[in-house]
Amino acid sequence: ARLRALVKDCMAKGSVGSAEFFADKLVTLSAGAADDVYLLTRSLFMGRQFQRAVWVMRKWKKLPSFEERFERLLAVGGSGIGGGGGGGGDGRFGHAMPPPLSASELRFVHLATQCLVECKEWDECP
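None of these values were measured; they are calculated from a predicted model.

Another aspect to go through is the environment of Ser15. Secondary-structure assignment places Ser15 in the loop between helix H1 (2-12) and helix H2 (16-29). Separated by 32 residues in sequence, Ser15 and Gly47 place their C-alpha atoms 9.3 Å apart. Among the polar contacts listed, one links the side chain of Ser15 to the side chain of Ser18, at a separation of 3.2 Å.

Next up, the structure:
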């Protein structure tokens, strides 16, 4: 808890290098807990290390892969193209909608998208 507070304090004071250092230690000690990985990737984003931030998210499996997203879509009733299928959609567009992302997944997808846009890697956006 004290180390997390230290990372947040460093980020608030603009000491990005220190925040990155301590957040990296925090992630190692917590074995990749989602909140700690998020702190690390936020500090990397603040330090304009966009590709490294995305790499960290992928390393700790905090971003749903294309395969996972595709399997979710199939799980809600078909290929998602035509045919109505059940799931989260309301049927107006004739295809099933995948279940929504969890709040934890959503914050990582949002940050990864911000990083990839900064790098102009549009085709890699989740």
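Having seen the structure, we can now continue with the description.
For H1, the full list of buried residues reads Val7, Cys10 and Met11. Down the axis of H1, the buried side of the element spans an arc of 100°, and every buried residue falls inside it. Along H1, exposed side chains directed more than 90 degrees from the buried face belong to Arg2, Lys8 and Ala12. Close packing links the buried residues of H1 with H2 and helix H3 (34-46). Positioned one or two residues after H1, Gly14 has a phi angle of 80°, which is positive.

The final tally for this structure, using the stated rule, is three aromatic pairs. Here Tyr38 and Phe108 contribute two aromatic rings whose centre-to-centre distance is 5.6 Å and whose plane-to-plane angle is 85°, an arrangement assigned as edge-to-face. Pair noted here: Tyr38 is in helix H3 and Phe108 is in helix H6 (residues 103-118), with a separation of 70 residues, a long-range link. Its relative accessible area of 0% is what places Phe108 among the buried residues.

Let us look at the environment of Lys61. Counting through the fold element by element, Lys61 comes out in the loop between helix H4 (50-59) and helix H5 (66-75). Linking Lys61 and Gly32, residues 29 residues apart in sequence, is a C-alpha distance of 9.1 Å.

This part is about the packing of H2 against H3. With their axes 9 Å apart at the nearest point, H2 and H3 run at an angle of 155° to one another. What the angle tells us is that H2 and H3 run roughly antiparallel. Of the two possible hands of crossing, H2 and H3 adopt the one that is left-handed. Along its contact with H2, which presents Val16, Ala19, Glu20, Ala23, Asp24, Leu26 and Val27, the element H3 presents Asp36, Val37, Leu39, Leu40, Ser43, Leu44 and Met46. Taken together, the residues of the contact of H2 with H3 sort by class into ten nonpolar, one polar and three charged.

Another point: the side chain of Asp36. With respect to the element layout, Asp36 can be found in helix H3. Accessibility expressed as a relative area gives 0% for Asp36, which makes it buried. Among the polar contacts listed, one links the side chain of Asp36 to the side chain of Arg4, at a separation of 2.7 Å. Within the structure, the side chain of Asp36 is placed 2.8 Å from the side chain of Ser30, a separation counted as a polar contact.

Rules of the game
Residues numbered from 1 in each chain as written. Predicted model: local features only at pLDDT ≥ 70, side-chain atom pairs only at ≥ 80, totals over all residues. Heavy atoms only, no water. Helix = DSSP H or I, 4+ residues; strand = E, 2+ residues; numbered from the N terminus. Polar contact = N/O pair within 3.5 Å; in protein donor to acceptor, adjacent residues only side chain to side chain. Buried < 20%, exposed > 50% of the residue type's maximum accessible area, 1.4 Å probe, protein only. Arc of directions from axis to C-beta. Contact = heavy atoms within 4.5 Å. Phe/Tyr/Trp six-rings, centres within 6.5 Å; stacked < 30°, edge-to-face > 60°. Axes fitted to C-alpha atoms, helices over the stretch in contact; angles between N-to-C directions. Parallel < 35°, antiparallel > 145°, perpendicular 65-115°, else oblique. Left-handed = near helix turned anticlockwise from the far one by under 90°. Nonpolar A, V, L, I, M, F, W, Y, C, P; charged D, E, K, R; others polar.

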